[in-house]
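Single-letter residue listing:
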Amino acid sequence: MQLPVPLRDTTRPLESALAEADAGRFTGILRITGEPGGDLRFVDGRIVAVTTGGAPGFDQQAGDRPLGAARLRLLRMTATVDGAFAIAAGWIDRCHWIDADPQVLGEDDPGYEPQWLLAETERRLAALANAGFSPYRNLLVRTAFGQAERDRADGVTAEILRLADGTRSCRDLAFLLGRPLYPVTVEVGRLLATGHLTVPAPPVDRRPATRPGTVDPALPRRRRGASGINDTLRPRPPQAAPPSTIAVDEHCAPRRTERIT
C-alpha cells in the first residue's frame, strides 16, 4: 500500500496496535482516543466490531429492515471497515487496551483479521488522499448549480444536495442518511469537483487586534489536534514548497487474507 507520508504517520499507531493484537490473540477492547476515536472489539485476536462517533454503526445502517443472513454479514463487514476508516481519517492520540468479558464482545461472530482491516482502511485513505477536505472539519453547502441539479438528481446524490445547507459535514450527512461514511465522502468529493457543492469560507473575525506581544483573553487555549490539521485528508503544503513525495514501505504493506463465510 502506498500512502502519502502524513497518512502513514496517522495510521502508524493503529498499525502497531493491530499487529500486537494479532500476535497476542488478544480478547478485549482497543480504545483509540482522539477525534473521533472509537473502540475496536477483539476476540482471540480477530476484530468483531468497531464503534465510533465518526460514522453510523451496524445498528444505524441496518435500521428496522428485515435482512437475510447473507445481507447481515455483508452489512456487518461494511460497518466494521467503515468504522476503522472513520477513526483513521481523523486524529489519533493514543491506543490502549481494555479487558472485557467475551460475552459482551460477540464471540459468535468469526470476526476479521487485523491486517486485512488495516489494508482496507489504508486503501480508502489512499483513494481520498487528494480530496482536499476533511469529513469532520469542513461544512458543505450546495451551489446554485447544485440547487438546480438537486431537483433532477435521485438517490444519495439528491439527498446530499438537499441536506448540504452549510451547517453539516460529511459525518453529519452520513448519520442523517444512515449510510457508511466512506461512500458519502466519495460522493461529496465528486460533487465538490463538479461544482455542485462548495466549502463556505469561515466567518471574518472583526474584533480589534491585540497589541504585539499580548494574548487575546477571548481566545481559547490551544490543545494538540485542535486545529484539525491532522484530520484533513490532503494536507496543504506551503505555496513555495514542492509537492509531497510518496513513501513506499513494502515491509509494512498488509496482505488481504480474510475470507468471508
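Structure shown above.
Since this is a predicted model, take the numbers as computed values, not measurements.

Chemist: Pulling in residues and values, what's your account of the packing of aromatic side chains?
Modeler: Throughout the structure, instances matching the rule amount to five aromatic pairs. Judged by centre distance (6.4 Å) and plane angle (70°), the ring pair of Phe26 and Phe42 falls under edge-to-face. Of the two residues, Phe26 is situated in the loop between helix 1 (5-24) and strand 2 (28-35) and Phe42 in strand 3 (residues 38-43); the sequence distance between them amounts to 16 residues. Here Phe26 and Phe42 have matching classes, each one buried. Taking the centre distance of 4.2 Å and the plane angle of 55° together, the rings of Phe26 and Trp97 count as tilted. Residue Phe26 is located in the loop between helix 1 and strand 2, and its partner Trp97 is located in strand 5 (residues 91-98); the two are separated by 71 residues in the primary sequence. Residue Phe26 is classed as buried on the basis of its relative accessible area, which comes to 16%. For Trp97, a relative accessible area of 26% corresponds to the partly exposed category. Over the ring of Phe58 we find Arg76; its NZ or CZ atom is 4.2 Å from the centre of that ring.

Chemist: Account for the sheet that holds strand 5, with residues named and values stated.
Modeler: With respect to topology, four strands assemble into an open sheet ordered 4-3-2-5, the strand pairing being antiparallel. The sheet terminates laterally at strand 4 (46-51) and strand 5, the two strands that pair on one side only. Each adjacent strand pair in this sheet contributes to an overall mean axis angle of 20°, direction not counted. Here strand 3 runs beside strand 4; their pairing, made up of five bridges, is antiparallel. Along strand 4, the bridge assignment pairs Phe42 with Ile47.

Chemist: Could you give an account of helix 4 (residues 114-127), naming the residues involved and the relevant values?
Modeler: An ideal rise of 1.5 Å per residue puts 20 Å on 14 residues; helix 4 measures up with 20 Å between its terminal C-alpha atoms. Of all 14 residues making up helix 4, ten are buried, and the element is well covered by its neighbours. Listed as buried for helix 4 are Pro114, Trp116, Leu117, Leu118, Ala119, Glu120, Thr121, Glu122, Arg124 and Leu125.

Chemist: I'd like a description of the nonpolar core, backed by residues and values.
Modeler: Ranked by internal contacts, the top residues of the largest apolar core, which has 24 residues, are Phe85, Ile160, Leu173, Leu181, Val188 and Leu197. Secondary structure elements with two or more residues in this core: helix 3 (69-88), helix 6 (155-163), helix 7 (170-177) and helix 8 (181-193). For this core, the element with the highest residue contribution is helix 8, accounting for five residues. Ignoring anything within four residues of it in the chain, the contact list for Leu181 reads Gly54, Ala55, Pro56, Asp82, Phe85, Ala86, Pro135, Tyr136, Cys170, Arg171 and Ala174.

Reading guide: rules and limits
Numbering of residues starts from 1 in each chain and follows the order in which that chain's sequence is written. Totals for whole chains, interfaces and linings use all residues, but because this is a predicted model, local features are given only for residues with pLDDT of at least 70 and pairs of side-chain atoms are given and counted only at 80 or more. Neither water nor hydrogens contribute to the side-chain values; these are computed over all heavy atoms in the structure. Stacked, edge-to-face and tilted are the three classes for Phe, Tyr and Trp ring pairs, Trp counted by its six-membered ring, which pair at centre distances within 6.5 Å; planes under 30 degrees apart are stacked, over 60 edge-to-face, the rest tilted. The way it works is that DSSP assigns letters per residue, a run of H or I at least four long becomes a helix, a run of E at least two long becomes a strand, and they are numbered from the N terminus. Exposure classes here rest on a 1.4 Å probe applied to the protein chains alone. A residue is buried below 20% of its type maximum, exposed above 50%, and partly exposed in between. Whether a charge lies above a ring is judged from NZ of Lys or CZ of Arg, which has to be within 6 Å of the ring centre and within 35 degrees of the ring normal. Here a strand pair is declared whenever DSSP counts at least two bridges between the two strands. With axes taken as lines fitted to C-alpha atoms, and helix axes fitted only over the stretch in contact, angles between N-to-C directions fall between 0 and 180 degrees. A helix's residues, less one, multiplied by 1.5 Å, set its expected span. Here the nonpolar core consists of buried residues drawn from Ala, Val, Leu, Ile, Met, Phe, Trp, Tyr and Cys, with membership extended through side-chain atoms lying within 4.5 Å. Here, two residues are considered to be in contact whenever any of their heavy atoms come within 4.5 Å of each other.

These figures come from the coordinates and say nothing about function on their own.
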